Structures are given as structure tokens and as C-alpha cells.
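Residue-level structural notes
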Amino acid sequence: MTSQVRGGQLARLLGQWHALPGRRRSPDYAALAGAVRGLLADGRLPLGVRLPAERELAEALKISRTTVTAAYRELRESGHLASRRGAGSWTMLPGGHRVASSGLWTPTDDLDMIDLSCAALAAPPELIHAARAAAEDLPRYLGGAGYHPIGIVELREAVAQGYADRGLPTSPEQIMVTSGTQHALDLVLRLGLPPGGSVLVESPTYPNALAALAARRARIATHGLALDGTGWDAELLLGSLRQTRPRMAYLIPEFQNPTGHLMPAELRERVVAAAHVAGTDLVVDESFVDLPLDGAELPPPTATFDRHSRVVSIGGMSKPYWGGLRIGWVRASAPQVQRLAAARVGVDMASPVLDQLVAVHLLRAAPAIAAARRSQLTAQRDALLGALAERLPDWRVRVPRGGVTLWAELDGPISSALSRAAEEVGVRLAPGPRFGLDGTLERFLRLPFTLPAPELVDAVGRIASVRYDLDRASRPRWREPAVIA
Ligand SMILES: Cc1ncc(COP(=O)(O)O)c(C=O)c1O
């Protein structure tokens, strides 16, 4: 089934399309076509969706229908739109694109591409030892059917122990193993959010969480984070909970993706209390909890303050260990875990036993692996900060004390335009608006420090080389886009 984007939705996504940098001399129709290509390039507009009829979009944008007709024509000519009389127009990509090994659409000529759209580290050297040890353990499981909907007990014990070590007593019955944190979020939403239910999220937030919410047809409200301070405005956040009484709130209190903020203990306690009064379930994503930098002290887990089973915590192996493992988990009450498991068997039955065993062995080596990750990330973060200070001194950055990303405030609303230009010089970026709901956040850019320092420094040099071109009207038009997701 083809999904359709309505005129109002596309207008919101397009945001300030008519005022984007580098378009001073181009006519409106070309700017509109360029902005639609930009949305396709960064994944905010999916492939294969039906665009609004010309008249509907013209009304939503308050421009003439002729402009929309000309923009659609240009998109058809550049291979970004397919139209059939009477049936409408669908988004597509021009030839010369392929699906990369990551499963994402990329141009074919991207061998030299530095990919800063993905905030994840390569696997640690210990992974190969853990995989060998897991293969040795496997025979213990081969006599059974291999389906463990809540996960194998030794992994649930290890994860429960991790919470206990953080000061939150947890039994293995409170842990359910999932195929990654994203899967954990999807399951929690399936179980707890009725279609059209309201959810409060931070802005900016993790784009794939927004995708999971959109898939459940959630009504999304946002809490804006500040660049400085702790990020969350306590009174605003508590006020939103009290006034809008959302069905759920999705928060990332530890080294928030993308800003790197750490929520203080006092606010955690107040948020949990306010959520209880408002009847809101809190989904707390702890993906980055193992990655404090500079000796940052971690506040107690948010669930520590929970007396009414309001908090469901999710986390996983991807950020401290490796995304390719696809192991995550949910920490909830034992009855909730049973309900989640019942919901899960209708989806994927269980997570792979071998991968769970690999996770068990990695968690046994956790202190050493995490220490190495932290020093690697500290060095890479500092290299990135140094390069930014040198090459793009007008950008404002707050030093993140953990996690894997920094959130830069740019010297203008140029994030999408800059991302498109950067692609031409071999740097793939995820522009600010991908981390929000509409065409805002153009002044921001997420930069992960998960690649080796020399690549980060090289990437900043390339970004700087195109930054100042954006202001020149004579800049050649952007050619082939790539879709990131
Ligand atoms: C906040 C957050 N949640 C979830 C995920 C997805 O994690 P996983 O690979 O375990 O599904 C990520 C990955 O970037 C993330 O940053």
C-alpha cells in the first residue's frame, strides 16, 4: 500500500524552504524541488510515498499552482518523482543509487565517504573472543528448541546484575532480552500505547524513536532542550507532563542522543513523581549509560525513584559493544515482562541464542571493555572539538561528558544545505531537522565522535571547505542526493 503525505505535512517538513542558503538566484520552483530532494536525501521523506496533489500543496504553501507544477516537473526530470495521470506522483530515487551493506540507500560513488550520519563504534577486539567462547557454550542449548521469548537466563542474570551494580535491585524475571534497543522500544509501544495515543519526547531526540512512534500513529508532543546547562528545563518539562498528561513520555536521561546531556538526580525524581500523577508511563532509554567521559558521575537510574511501575527502562549492547550484535533489553515489573513476551511471540518469537551467549561473555569483560571505549571516545571527542575550534570557530558547541555525539549550533539555519554540500565532498551528515518533528532545528548539526580521530579531523576540514561556499550565489546546483536513514 502506498502511503500518502498530505499538503500540510509536507509544508511542515519543508519548513523555510524558500529561504534556504545558496538559492538567491534560483526561481521558486527550483528551490521547492531542491528542498524536496533534500528531504529525500536525509530520509525525512520516505521513498514510494504519494505526494499531495499540486493544488493541495500550493494551498498549503500559499504559493501558485504553477510553481508546484514546475517543481514536480523538475523532480520528474531529475528522477525523484514518478507520476501517472489520475493516480498521483510518488517519490523515488534516480538511477545510480544502490542499497549499501548497511541497508541504506547510497550513491554508488561513495568509496571515499566519511559517514558521520551513524553514531556507532566499530566492534571491540574482545568481540571475537566472546564469539568463540559463545560457540563453545552453545552445545548446552542445542538439546532444547531454542526459543526463549524473554531471553536465556544467564543473560537476564547478567543484565539484572548490571542494574544492581548501579544501585537498582533487579531480578532476572524483570528483564526481557530483545533484538536491540529499537526492538525493545517498539515492543513497549505496542503493549502500552493505543493507536493515536499521545507521547512526549525531547526535542531534539533520536530519529528512529520518532519513526517507532510514527509507526504506532502516536500523537507526538515535544519538550525543547537547551544547548547549555543540563538541557532540560525542569519547570517546563514538569508543566508539560501536568498539563498535557500524555499516555507516555520517551526520555534519554544518560548522555541524550543527540545533545549529550545528563539529567540530574533531582529532576529524575521529580519527573517520575509528575508522571505518576499525570498517569504517564515513562520509557527511559539508557543506551549510553556505560559511556560517561571525564569521570562524570552517574545519577541513580531513573527507575530508582519509581514506586508505581511507571518506569520501563530499555537499553542494549549496541553503544558500548557493537550494533551488529542486535541484543537489547527491557527492565520492567515481572508481570509487564510476561505481557511483553506474549506480545513478542506474535512478532519474532525470541532473540538468537548464539548472540545472547556472545553478550554474556562481553558483559563478563565489561569493566575492561568499557574503560577502553571511554578512553577511545574521549580522545576522539577531543580531536573533533579541536578541529571544530580551528576550522569552524563560529559554531557553538558544548562539551558532552558522555555518550558518542555532540550537538553543534551552527552560524546560520544551514544544516540541510550544508549536509547536501558535504555529501559532494565525501562527508555524510545527518542534518539537525532529522532530530525533530518538523522543518525546525536547521541551526543544529549532530556530529558523532565514533570514527578514528584522523577521519574526524579530515571530515571537519571538508565540511569547512563547503561551509563558506553556501553563502555564494554562484555555487553550482547540488547533483545527486543520497538517502540516509
Ligand atoms: C537513544 C538510542 N536508542 C536506541 C538506539 C538503537 O539501539 P539498538 O542498536 O540497540 O537497536 C540508538 C542507536 O543509535 C540510540 O541512540
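Summary of the structure given here. Just so it is clear, the model here is predicted, and its values are computed rather than measured.

What counts, and at which threshold
Residues numbered from 1 in each chain as written. Predicted model: local features only at pLDDT ≥ 70, side-chain atom pairs only at ≥ 80, totals over all residues. Heavy atoms only, no water. Helix = DSSP H or I, 4+ residues; strand = E, 2+ residues; numbered from the N terminus. Buried < 20%, exposed > 50% of the residue type's maximum accessible area, 1.4 Å probe, protein only. Contact = heavy atoms within 4.5 Å. Near = heavy atom within 4 Å. Polar contact = N/O pair within 3.5 Å; in protein donor to acceptor, adjacent residues only side chain to side chain. Areas by Shrake-Rupley, 256 points an atom, 1.4 Å probe, with all protein chains shown as cover. Salt bridge = Lys/Arg side-chain N within 4 Å of Asp/Glu carboxyl O. Patch = residues over 30% accessible without salt bridge, like charges linked within 9 Å, V, L, I, M, F, W, Y side chains within 5 Å.

Looking at the environment of T91
Within the secondary structure, T91 is located in strand β2 (residues 88–91). For T91, a relative accessible area of 3% puts it in the buried group. In the structure, T91 is positioned 46 residues away from L45 in sequence and 8.3 Å away in space, judged by C-alpha atoms. Residue contacts for T91: discarding those within four places in its chain leaves L40, L45, P46, L47, G48, V49, L51, H80 and L81.

Topic: the site of the ligand
Around the ligand, 13 residues are found, and the nearest of them are T181, D285, S318, K319 and R326. Between the ligand and Q182, the relevant distance is 2.9 Å, taken from an oxygen atom to a main-chain nitrogen or oxygen of the residue. S287 has a polar side-chain atom sitting 3.3 Å from a nitrogen atom of the ligand. Across the complex, the protein chains shield 92% of the 400 Å² of accessible surface that the ligand would expose by itself.

Some words on the side chain of T178
Tracing the backbone shows T178 in strand β6 (residues 175–178). Here the side chain of T178 touches G180 through a polar contact of 2.8 Å, landing on its backbone oxygen. Of the polar contacts made by the side chain of T178, one reaches the backbone nitrogen of W329; its length is 3.3 Å.

With respect to the pattern of salt bridges
Throughout the structure, instances matching the rule amount to 21 salt bridges. For R268, the salt bridge goes to E254, with nearest N and O atoms at 2.7 Å. Taken together, the residues span a long stretch of sequence, with R268 in helix α11 (residues 265–278) and E254 in the loop between β9 (248–251) and α11 at a distance of 14 residues. The two residues R268 and E254 agree in class, both being buried. Residue D294 pairs with R381 through a salt bridge whose shortest N-O separation is 2.9 Å. Here D294 is found in the loop between β10 (281–285) and β11 (311–316), whereas its partner R381 is found in helix α14 (residues 366–391), with 87 residues between them in sequence. Salt bridges here are not isolated pairs; linked through shared partners, they connect R166, E254, R268 and E286.

Focus: a nonpolar patch on the surface
Together, Y147, V345 and M349 line one region of the surface with nonpolar side chains, adding up to about 290 Å² of accessible area. Its place among the elements puts Y147 in the loop between α6 (139–142) and α7 (153–165). Of the residues examined, Y147 reaches a relative accessible area of 55% and is grouped as exposed.

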